[in-house]
Amino acid sequence: MRALRLTEWGAPPVPTDVERPVPRGAEVLVRVEATGLCHSDLHVIDAAPGVLPYRLPFTLGHEIAGRVAALAPEADGVEADDPVVVYGPWGCGGCDRCATGRDNYCDRRDTLGRHGAGLGRDGGMAEYVLVPSARHLVPIGDVPAEQAAPLSDAGLTSYHAVAGARHALGEGTTAVVIGIGGLGHLCVQILRATTASRVLAVDVREEALALAERSGAHFATLMRADTARVLRARAQGAGGGTGADAVFDFVGTDPTLDLATAVLRPGGELAVVGSGGGRLTVSKPGVLPPGFRLSLPFWGTRPELAEVIGLARSGALHVETERFPLSAAPEAIDRLRGGRVRGRAVLVPD
Ligand SMILES: [Zn+2]
Ligand SMILES: [Zn+2]
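What you are looking at is a predicted structure, and each value in this text was computed from that prediction instead of being measured.

Here is what the cut-offs are and how they apply
Residues numbered from 1 in each chain as written. Chains lettered and ligands numbered in written order. Predicted model: local features only at pLDDT ≥ 70, side-chain atom pairs only at ≥ 80, totals over all residues. Helix = DSSP H or I, 4+ residues; strand = E, 2+ residues; numbered from the N terminus. Rg over C-alpha atoms; globule rule 2.2 N^0.38 Å. Buried ≥ 20, exposed ≤ 12 C-beta atoms within 10 Å, placed from the backbone. Contact = placed C-beta atoms within 7 Å. Domains from an automatic or database assignment. Nonpolar A, V, L, I, M, F, W, Y, C, P; charged D, E, K, R; others polar. Pairing = 2+ DSSP bridges. Right-handed = clockwise from strand over helix to strand, strands pointing away. Arc of directions from axis to C-beta. Axes fitted to C-alpha atoms, helices over the stretch in contact; angles between N-to-C directions. Left-handed = near helix turned anticlockwise from the far one by under 90°. Core = buried A, V, L, I, M, F, W, Y, C linked by C-beta atoms within 7 Å.

Quick look at the overall build of the protein
Here's step 1: Along the backbone of the protein there are nine helices and 18 strands.
Here's step 2: On C-alpha atoms alone, the protein measures out to a radius of gyration of 20 Å, which is about the 20 Å that the 2.2 N^0.38 rule sets for 350 residues.
Here's step 3: Projecting the C-alpha coordinates of the protein onto the three principal axes gives extents of approximately 60 × 40 × 40 Å.
Here's step 4: The proportion of buried residues among the 350 residues of the protein is 49%.
Here's step 5: In the protein, 70% of the contacts between residues at least 6 apart in sequence involve partners at least 24 apart.

This is the structure:
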């Protein structure tokens, strides 16, 4: 079968013919129907040798949907031909985090030498993917594979970030989403579907503001010098001006972190999702909003992935996707690198 393999750190991945895997023990073989391409794939491809604990080569792709093709004797919980999405973070399976479906925060994460599908283990940019256990599979019903695949990261990561701040997002509150790309546009939809918050969106690209509005944002604005003031004026609360109850930063650079803390209301929630490498200096006393809480959410839990699929089945989530055949993955990667993908790029086996 064809697979897009990373064979050398910092070099373009290579389309390769590899043997179709055979499931053993509790493994499940999934026939891939769609795999999302994401910025973290670029971080993996571009990593210098020694930065990530993964052994080369392996097949890329951590946002995978398809159908169960074959089960090993000890696999249970799914049946052949079931449409499924793959829960991508694969932890040790033995710690109490993994036991409750929170592989994203596995206690043994630093000792495994891999972080999941396409992250040290063979992933979904191939015709088939071997999944270690049926516990990593979530049924998708009639959600199309091209929607379900990106929902397993872009959707799940956004959902997990919102879940961590949901207690702060009741009636009369305001949420700000910075960066309306593959994740941010889903964050807007999830906020609209699962909270009562007013949703304000920020980006540096005009077309991203249109995407924010299509996704249900109440207000969208370009990031400029006075954006913090503009957003504070739009916040709900006692006549506006009180600031945001929660900020979701999908960029994570110095300028976006500065904006986030400038619009945050005292006691607000800041979730930094984007890996932009920005720094936030914390000091007390200082200029940061008193009582604000910072979180650095990573991916999401398996029960949350089931909830995300549930939202998609109810019609509340729609991923903007651009489809590429698997054979055109190098072109898709170039386009993503150049910021020329609309919404999420999804690879489909030829
Ligand atoms: Zn991803
Ligand atoms: Zn674990």
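And the narrative resumes.
Looking at helix α7 (residues 254-263)
Structurally, the α-helix is built with 3.6 residues per turn, so residues lying three or four positions apart point the same way.
Here's step 1: When we look at burial in α7, the residues that qualify are Thr256, Leu257, Leu259, Ala260, Thr261 and Val263.
Here's step 2: The elements touched by buried residues of α7 are β11 (174-178), α6 (227-234), β14 (244-249) and β15 (264-272).

Here's the deal with the domain arrangement of the protein
Here's step 1: The domain architecture assigned to the protein consists of domain 1 (2-139 + 320-348) and domain 2 (158-295).
Here's step 2: For domain 1 versus domain 2, the distance between C-alpha centres works out to 30 Å.
Here's step 3: Each side of the interface is counted separately: domain 1 has five residues, and domain 2 has four residues.
Here's step 4: Class assignment for the residues of the side of domain 1 that touches domain 2 results in one nonpolar, two polar and two charged.

A closer look at the pairing of strand β12 (residues 198-203)
Here's step 1: Of all six residues in β12, six are buried; the element is thus mostly enclosed.
Here's step 2: Along β12, one buried face is formed by Arg198, Leu200 and Val202 and the opposite face, lined by Val199, Ala201 and Asp203, is buried too.
Here's step 3: Pairing analysis gives five bridges linking β11 to β12, with the strands arranged parallel. Bridge pairing in β12 places Val177 opposite Ala201.
Here's step 4: Strand direction decides the pairing type here: β12 and strand β13 (residues 219-222), joined by four bridges, are parallel. Note on β13: the bridge partner recorded for Val202 is Thr221.
Here's step 5: Once you follow β12 into helix α5 (residues 206-214) and on to β13, the crossover reads as right-handed.

Describing the sheet that holds strand β2 (residues 14-17)
Here's step 1: Taken in spatial order, the three strands make up an open sheet running β2-β1-β4, and their pairing is antiparallel. The open sheet has two edge strands, β2 and β4 (58-59), and neither has a second partner.
Here's step 2: Pairing between strand β1 (residues 2-6) and β2: four bridges, direction antiparallel. For Arg5, the partnering residue across the bridge sits in β2 and is Val14.

Regarding α6
Here's step 1: All of the buried residues along α6 are Ala228, Leu231 and Arg232. Angularly, the buried residues of α6 cover 100 degrees about the axis, an arc narrow enough to put them on a single face.
Here's step 2: Packing partners of the buried residues in α6 comprise β11, β12, β14 and α7.

Points about the packing of α6 against α7
Packed helix pairs are characterised by how far apart their axes lie and by the angle those axes make with each other.
Here's step 1: Packing of α6 against α7 leaves a shortest axis separation of 9 Å and a crossing angle of 35 degrees. α7 is crossed by α6, and the crossing has right-handed handedness. Touching Thr227, Ala228, Leu231 and Arg232 of α6 are Leu259, Ala262 and Val263, all from α7.
Here's step 2: Of the residues contributing to the contact of α6 with α7, the split by class is five nonpolar, one polar and one charged.

Remarks on the sheet that holds β14
The strands making up a sheet are joined through hydrogen bonds of the backbone, oriented either antiparallel or parallel.
Here's step 1: Strand order across the open sheet formed by six strands is β13-β12-β11-β14-β15-β16, with parallel pairing between neighbours. Two strands lie at the open edges of the sheet, namely β13 and β16 (293-295), each paired on one side alone. The average undirected angle you get between the axes of adjacent strands in this sheet is 15 degrees.
Here's step 2: Inspection of the sheet shows β11 paired to β14 by four bridges, in the parallel sense. Along β14, the bridge assignment pairs Ala175 with Ala246.

Brief notes about the nonpolar core
Here's step 1: Core analysis: the biggest nonpolar cluster contains 101 residues, and Val30, Val85, Val177, Cys187 and Phe248 have the highest contact counts within it.
Here's step 2: Per-element tally for this core: the top contributor is helix α3 (residues 145-165), with ten residues.
Here's step 3: What Val177 contacts, discounting residues up to four positions off in sequence, is Gly184, Cys187, Val188, Val199, Ala201, Phe248 and Phe250.

So, the environment of Gly343
Here's step 1: Along the chain, the position of Gly343 falls in the loop between α9 (329-337) and β18 (344-348).
Here's step 2: Owing to 19 C-beta atoms within 10 Å, Gly343 belongs among the partly exposed residues under this scheme.
Here's step 3: Spatially, the C-alpha atom of Gly343 lies 29 Å from that of Asp81, the residues being 262 residues apart in sequence.
Here's step 4: With residues near it in sequence (within four places) discarded, Gly343 still touches Gly182, His185, Val319, Glu320, Thr321 and Glu322.

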